[in-house]
Every structure is written in structure tokens, then in C-alpha cells.
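Next come the chains, spelled out residue by residue.
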Amino acid sequence: MAATTPDTAAAAPRKRRDRTHYLYIAVIVAVALGIAVGLIWPDAAVQLQPLGTGFVNLIKMMISPIIFCTIVLGIGSVRKAAKVGAVGGIALGYFLMMSLVALAIGLVVGNVLHPGAGLHLTSALKQTGHAQVSSDALPPVDFVLSVIPKTFVSAFTEGQVLQTLLVALLAGFALQAMGTAGQPVLRGIEHLQRLVFRILSMVMWAAPIGAFGAIAAVTGSAGLDALKSLAVLMLGFYVTCVLFVFVVLGAVLRIFAGVNVFSLCRYLAREFLLILSTSSSESALPRLIAKMEHLGVSKPVVGITVPTGYSFNLDGTMIYMTMASLYIADALGTPMSVGEQIPLLLFLLLASKGAAGVSGAGLATLAGGLQSHKPALVDGVGLIVGIDRFMSEARALTNFAGNAIATVLVGTWTKEIDKVRVAKVLSGELPFDETVMDATAGTVAEVPEPREERLAKA
């Protein structure tokens with residue numbers, strides 16, 4: 001038999017060319033065009049809002065099946081149920097701690113800036129503020145009950161992340177208990193996950209259209225003049241969010257995980273651009289799951305931490321509600337003492353969990369929380385309605401960064417992360433496959449099993 005030579009050896013499969021960088025260049029161009037159209041033809045630009053809404057709805061359509069597949073595959077492949085409980089407990093404890101830190105930072109900045117001092121409130125703005133009180137923001141008991149879906153299928157049709165999370169946890173633990181008998185089901189769900197990610201990669205090509213419509217409508221409805229009187233609040237909020245992510249969370253990430261926050265943010269640059277153009281962190285949730293698995297964090301940690309964080313780890317929303325509450329109180333001429341601020345903010349901390357999944361959750365939660373705890377301040381919510389969409393971008397970016405960092409930290413604390421792979425991915429040696437956007441194809445399988453499971457097999 002003739003020896004195999006380089007000429008006769010089977011050729012390696014040809015790597016598909018990554019064309020997705022054109023997509024994100026198109027998104028940047030679309031954002032610039034949207035701003036221009038909004039400033040030049042504001043009336044026409046407002047009518048383009050359905051383009052942005054339609055794209056975000058397409059993304060939301062994919063969230064429930066992605067969360068279900070990810071969590072079921074993660075839990076179903078873990079032998080010990082206690083490990084899943086440990087991941088969830090550590091994640092929730094971290095989420096609560098960071099929420100309190102975010103509230104405290106917003107409290108300090110708001111008391112230093114006093115951005116609302118000297119403003120005047122009209123009767124029209126009072127009515128606008130009361131209109132923002134949302135009945136969707138549930139009290140704690142009703143919120144807990146709302147996590148339970150009416151039917152097994154409604155968890156996927158009502159768009160409630162926590163309902164999908166509950167059903168996925170139950171299914172994952174059930175498959176875990178079935179042992180080898182549940183393997184065919186797991187393989188089927190794995191194929192379903194690849195199908196869902198492929199559909200999502202197709203949907204992403206509509207991102208430039210969605211970004212153009214969303215940015216044009218926001219710019220056309222608010223305009224530059226409407227932003228001038230609120231520039232101090234916006235600037236203070238943006239600066240606070242940047243400092244929180246790169247100083248506070250960056251220090252925690254470096255100390256406990258040894259990861260550079262700038263390298264992690266560069267790895268997630270395309271997701272940040274997507275969020276900036278849609279003002280919705282949900283639009284990047286499926287990609288965050290895929291990228292965290294590709295980074296080297298195990299499936300159980302990603303499957304539990306990311307979806308839970310989208311409801312409970314809302315650092316940007318915490319900062320926003322703190323500064324907005326102080327801003328409104330100053331604008332109404334009734335500044336709050338520290339003794340009044342702390343109970344209100346702790347109440348808003350709980351209220352934000354009851355508004356998880358509500359469209360425009362930041363503004364709706366603020367109005368609903370003020371209505372329940374300090375009704376006199378609801379009049380002032382109308383002051384920030386005009387710029388809420390611009391501030392929602394900073395909220396979404398901060399929430400997203402916080403959840404990405406939390407996933408790496410929880411993976412580190414539970415020893416469910418491959419540090420060698422993390423270094424290679426962040427350095428660019430193992431790039432994320434944008435053409436497939438499927439972390440299950442030749443990436444996650446390379447992550448070594450935890451030490452205790454390797455010893456158990458031995």
C-alpha cells in the first residue's frame with residue numbers, strides 16, 4: 001500500500017469565510033443614517049419605529065427555545081444535582097450583592113450632582129408621568145406566582161424568561177434522573193439547539209434595518225433640543241455606568257477570575273453594538289449564551305447564570321432608578337434625606353424583580369415603585385420620558401456587561417471554567433465562529449470535565 005503523501009492526503013475541510021463583519025459594518029452605517037434621518041425629517045423618522053420593533057421581536061422569538069435547550073442540555077449532562085443548586089445559589093448571592101453596590105453608587109453620584117435642581121414641572125408632564133405607571137410591575141408575592149406558567153407550552157408562548165427557566169430546570173433534572181434512558185432526548189434537544197442558532201444567525205442579517213428604524217424614531221421623537229435640559233442627568237448616568245463596569249466590576253473580575261475586563265468587552269464588541277442599536281439587552285442574550293460557552297464556561301453555569309441574570313442582575317437599572325429618583329425629587333423641590341432615600345431604593349430593588357420581562361422595564365418600574373412607595377414623586381416621571389430611550393441604551397449595555405462578567409465569576413467560583421481556553425479565546429487564538437454561531441459545534445466539547453468528574457470516571 002502506497003504511503004500517504006501530503007498531495008494524496010485527504011484535504012482538511014475548507015473553513016467557510018466569515019462575512020459577518022460586513023453585517024456589523026452595515027449596522028454602524030445604519031445607525032449613522034438613522035440619526036441623520038431623525039434630525040432632518042423627524043416626522044417621517046418617527047414612523048420608522050416598527051422596523052426596530054419588528055427586529056427586536058424577531059430576536060425575542062428565539063429567546064425561549066434557546067434558554068430551554070441550553071439549560072436542559074447543561075443540567076441533563078451533569079451527574080450531581082447538588083452542583084446545579086450550588087451554581088444557582090452562588091449566582092443569586094452575587095446578583096444581590098452587585099445590585100446593592102449599584103444602588104449605593106447611584107445614590108452617591110445623585111447626591112453629588114443634584115441634576116434636577118431648578119427645573120419646573122408642567123401639568124402636561126405630570127400627566128405623562130402618571131401614564132408610565134405600569135400594572136405589569138407585580139408585587140413580590142404575585143411575582144413569585146407569575147413564574148409558574150399556566151401550561152407547559154405557555155412558558156414558551158408568553159415570552160416570560162423565568163417561566164421558561166422553570167420548565168427548563170424541571171426538564172433538565174428529570175432527564176438527569178432518567179440516566180442513560182434520557183440520552184436520546186438530550187441528543188434530540190442538542191439538534192434542536194443547533195437549528196435554533198442557525199435560524200438566529202439568519203435573523204441577524206436584518207439587524208441593519210432594525211437599527212436604522214429604531215435610532216431614526218428615537219432621534220426624530222426626542223431631537224437634540226429636548227436633551228439639553230437633561231444633559232447633566234444623562235452624562236452623569238453614562239459616566240457612572242462606565243465607572244461601575246470598568247472600575248468596580250473590572251476589579252472584581254481581575255481579582256477573582258484573573259480576566260481583563262477590557263479583553264472580555266472586546267470579545268463581546270459585536271454584542272455591545274447590537275444592544276446599542278436596538279436599546280435592548282435581550283437582543284444579545286442568545287449570542288451571550290453561545291459566546292460564554294465558547295469562552296470556556298461550562299454549559300450548566302452558562303445555562304443558569306445568564307437567563308437568571310437577565311431578571312435578577314440588572315446593575316444598569318439599579319443605577320438608573322437611584323439617580324432618576326433623586327433627580328425627580330430635586331426637580332419637584334422636595335429633595336429626600338438619606339433616611340428617606342434608602343427605604344425607597346430598597347423598595348425599588350425588590351420592585352425591579354417584579355417587572356422582569358416588562359417592555360420598558362426601567363421606566364415602568366420606576367413609576368410603579370414611586371406610585372407604591374412615594375406617590376408624590378410620580379408627577380416628575382414625565383421629566384425623563386423624553387430621554388428614557390437614550391438612557392435605556394446605557395442601562396442595557398451595563399446589564400449585559402454585568403451578566404457577562406457574572407458568568408465568568410460564577411464559573412470561576414464553581415471551578416466550571418477552562419482558564420487555558422479563556423486565555424486563548426480572549427487573545428484571538430480561538431475565534432468565535434460567526435458563520436454558524438453555534439457554540440455546540442466543536443467548541444464546548446473541548447472544555448475538559450471538572451476534576452471531580454474525571455476522578456469519578458477513573
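Everything below is about the structure printed above this text.
This structure is a prediction, so every number in the text was calculated from the model and none was measured.

Take the overall build of the protein chain next. For the protein chain, the count of helices and strands is 22 helices and 0 strands. Within the protein chain, buried positions represent 53% of all 458 residues.

Let us now look at helix α17 (residues 315–331). Helix length check: α17, at 17 residues, gives a terminal C-alpha distance of 24 Å against a target of 24 Å (1.5 Å per residue), a fit within 8%. Here α17 lies mainly inside the structure; 17 of its 17 residues are buried.

To continue, consider the pattern of salt bridges. Under the criterion given, the structure shown has 4 salt bridges. One salt bridge connects glutamate 271 with lysine 291, and the closest N-O pair in it is separated by 3.1 Å. With glutamate 271 in helix α14 (residues 269–278) and lysine 291 in helix α15 (residues 285–295), this pair connects stretches of sequence that are 20 residues apart. Among the residues examined, glutamate 271 registers a relative accessible area of 0% and is labelled buried. For lysine 299, the salt bridge goes to glutamate 293, with nearest N and O atoms at 3.4 Å. Glutamate 293 matches lysine 299 in its accessibility class, with the two residues each being buried.

Our next topic: a nonpolar patch on the surface. Together, Leu235, Val239, Val242, Leu243, Phe246, Val247 and Phe262 make up an exposed nonpolar region whose accessible area comes to about 630 Å². Ranked by residue count, the leading element in the nonpolar patch is helix α12 (residues 231–257), at 6 residues. We classify leucine 235 as exposed; its relative accessible area is 56%.

Judged by how many residues are buried, α15 sits mostly within the fold: 11 of 11 residues are covered. Taken residue by residue, α15 has Leu285, Pro286, Arg287, Leu288, Ile289, Ala290, Lys291, Met292, Glu293, His294 and Leu295 as its buried positions. Remark: glycine 296 follows α15 within two positions and exhibits a positive phi of approximately 125°.

Cut-offs and rules
Residues numbered from 1 in each chain as written. Predicted model: local features only at pLDDT ≥ 70, side-chain atom pairs only at ≥ 80, totals over all residues. Heavy atoms only, no water. Helix = DSSP H or I, 4+ residues; strand = E, 2+ residues; numbered from the N terminus. Buried < 20%, exposed > 50% of the residue type's maximum accessible area, 1.4 Å probe, protein only. Expected span 1.5 Å × (residues − 1). Salt bridge = Lys/Arg side-chain N within 4 Å of Asp/Glu carboxyl O. Patch = residues over 30% accessible without salt bridge, like charges linked within 9 Å, V, L, I, M, F, W, Y side chains within 5 Å. Areas by Shrake-Rupley, 256 points an atom, 1.4 Å probe, with all protein chains shown as cover.

Such coordinate-based values are descriptive only and should not be taken to indicate function.
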